[in-house]
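Below are the chains, spelled out letter by letter.
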Amino acid sequence: MSRSPIHLVSRFFDVALSRPLDPTERATVALWLEPKLFELFRQQPVADQRHAYRGAQVVVEAGREDLCPAVLMHDVGKRHSGLGVFGRVFATLAAYLGISGGNSFRVHNNHGPIGAKELEKRNADELVVEFAHFHAGERPESIDPETWDLLLMADSPPKPRALLSGR
Ligand SMILES: [Fe+2]
Ligand SMILES: [Fe+2]
């Protein structure tokens, strides 16, 4: 697991403070995804949907709307852990400290490859499958460095100003 403690803290607040996508946001996601992937997207917890949507906005702002499916689907394997906010934090910390933990922790900390398998079964594009598989690790050969950097930025987008100022 290569993510920094800052990323972990940021994700904690993402999970704890997320609000569901509103109908307009859901409709926008439906435009970015094929129906077979949209169905999977909707199975994700609120926090993962919000995290993915915020990431998609980052790539759209960078002029790379083509990357939306990869961003929106990268954490789809996470839902299998069944962990809540604190469980996720403990699982991530356990991995960071090299502690194995129980099955839920293992699923959480292996959510990339787990999600990638699901996406592959649904014939998702190679980029979607590869980013889901490798997003917590090293860049695979199949993704060019510029695209990889943007995808990682989308996975750790800056916090909205309203959240930072407490509004
Ligand atoms: Fe992830
Ligand atoms: Fe993520």
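As the structure is a computational prediction, the values presented were derived from the model and not from experiment.

**Topic: the overall build of the chain**
Each helix and strand counted, the chain has 11 helices and zero strands in total. In sequence order, the chain lays out its α and β elements as α-α-α-α-α-α-α-α-α-α-α. Of all 167 residues assigned to the chain, the portion counted as buried reaches 35%. Counting contacts in the chain only where the partners sit at least 6 residues apart, residues at least 24 apart contribute 64% of the total.

**Focus: the nonpolar core**
With 26 residues, the main nonpolar core has A56, V71, L72, M73, L119, V128 and A132 as its most contacted residues. At the level of elements, α2 (23-32), α3 (35-42), α4 (46-61), α5 (68-73), α8 (111-121), α9 (126-134) and α10 (145-155) are the ones that each hand at least two residues to this core.

**Side note on the packing of α4 against α10**
In a pair of packed helices, the angle between the axes and the distance between the axes together describe the arrangement. Two elements in contact, α4 and α10, have axes separated by 7 Å at closest approach and are oriented at 140 degrees. Considered as vectors, α4 and α10 are oriented oblique to each other. The way α4 lies across α10 gives a crossing that is right-handed. Residues G55, V58 and V59 of α4 lie in contact with α10, whose contacting residues are L150, M153, A154 and D155.

**A few points about α4**
Residue pairs spaced three or four apart in an α-helix point in one direction, given the helix's 3.6 residues per turn. In this model α4 runs 23 Å from its N-terminal to its C-terminal C-alpha over 16 residues, within 8% of the 22 Å that 1.5 Å per residue would give. Those residues of α4 not exposed but buried are A47, D48, Q49, H51, A52, Y53, G55, A56, V58 and V59. Downstream of α4 by one or two residues, G63 has phi in the positive range, about 80 degrees.

**Details of the packing of α8 against α9**
Where α8 meets α9, the axes come as close as 6 Å, and the angle between the chain directions of the two elements is 165 degrees. Considered as vectors, α8 and α9 are oriented roughly antiparallel to each other. In this structure, α8 meets α9 at a crossing whose hand is left-handed. On α9, the residues touching G112, P113, G115, A116, L119 and E120 of α8 are V128, V129, A132, H133 and F134. Here the residues of the contact of α8 with α9 are counted per class, giving seven nonpolar, three polar and one charged.

**Some remarks on unusual backbone geometry**
For N123, which is not glycine, the phi dihedral falls at a positive 55 degrees. By the element assignment, N123 lies in the loop between α8 and α9. Its 11 C-beta neighbours within 10 Å are what place N123 among the exposed residues.

**A look at α10**
Those residues of α10 not exposed but buried are L151, A154 and D155. For α10, the buried positions fall inside an angular range of 100 degrees around the axis, keeping them on one side. Seen from the buried face of α10, the exposed residues on the opposite side, beyond 90 degrees, are P145, E146 and D149. Taken together, the buried residues of α10 touch α4, α5 and α9.

**Notes on the environment of I114**
If you trace the backbone, I114 turns up in helix α8. Taking the C-beta count within 10 Å as the criterion, I114 has 20 such neighbours and is therefore assigned buried. Along the chain, I114 and H80 lie 34 residues apart, while their C-alpha atoms are 8.7 Å from each other.

**Some details on the environment of P20**
The residue P20 is located in the loop between α1 (5-17) and α2 in this model. The exposed category is assigned to P20, around which 12 C-beta atoms lie within 10 Å. Each C-alpha atom of the pair P20 and V46 lies 5.3 Å from the other, and the pair is 26 residues apart in sequence.

Conventions adopted
Every chain is numbered independently, its residues counted from 1 as its sequence is written. Chains carry letters from A onward and ligands carry numbers from 1 onward, assigned in written order. Since the coordinates come from a predicted model, pLDDT governs what is reported: local features require at least 70, and pairs of side-chain atoms require 80 or more to be given and counted, while whole-chain, interface and lining totals use all residues. Put simply, DSSP H or I for four residues or longer makes a helix, DSSP E for two residues or longer makes a strand, and each gets a number counted from the N terminus. Neighbour density around each residue's C-beta defines its exposure: 20 or more other C-beta atoms within 10 Å make it buried, 12 or fewer make it exposed, and counts between make it partly exposed, where C-beta atoms are placed from the backbone. In this description, any two residues whose backbone-derived C-beta atoms lie within 7 Å of each other are considered to be in contact. When buried Ala, Val, Leu, Ile, Met, Phe, Trp, Tyr and Cys residues are joined through C-beta atoms within 7 Å, the set is termed a nonpolar core. Each axis is a line fitted through C-alpha atoms, and for a helix only the stretch in contact is used; angles between axes span 0 to 180 degrees, taken between their N-to-C directions. An angle counts as roughly parallel when it lies under 35 degrees, as roughly antiparallel when it exceeds 145, as roughly perpendicular when it falls between 65 and 115, and as oblique in every other case. Each crossing gets its handedness from the near helix: less than a right angle anticlockwise from the far helix is left-handed, clockwise is right-handed. By this rule, a helix spans an expected 1.5 Å times one less than how many residues it contains. The residue classification treats Ala, Val, Leu, Ile, Met, Phe, Trp, Tyr, Cys and Pro as nonpolar and Asp, Glu, Lys and Arg as charged. All others, Gly included, are polar. Here the arc refers to the set of directions running from the helix axis out to each C-beta atom.

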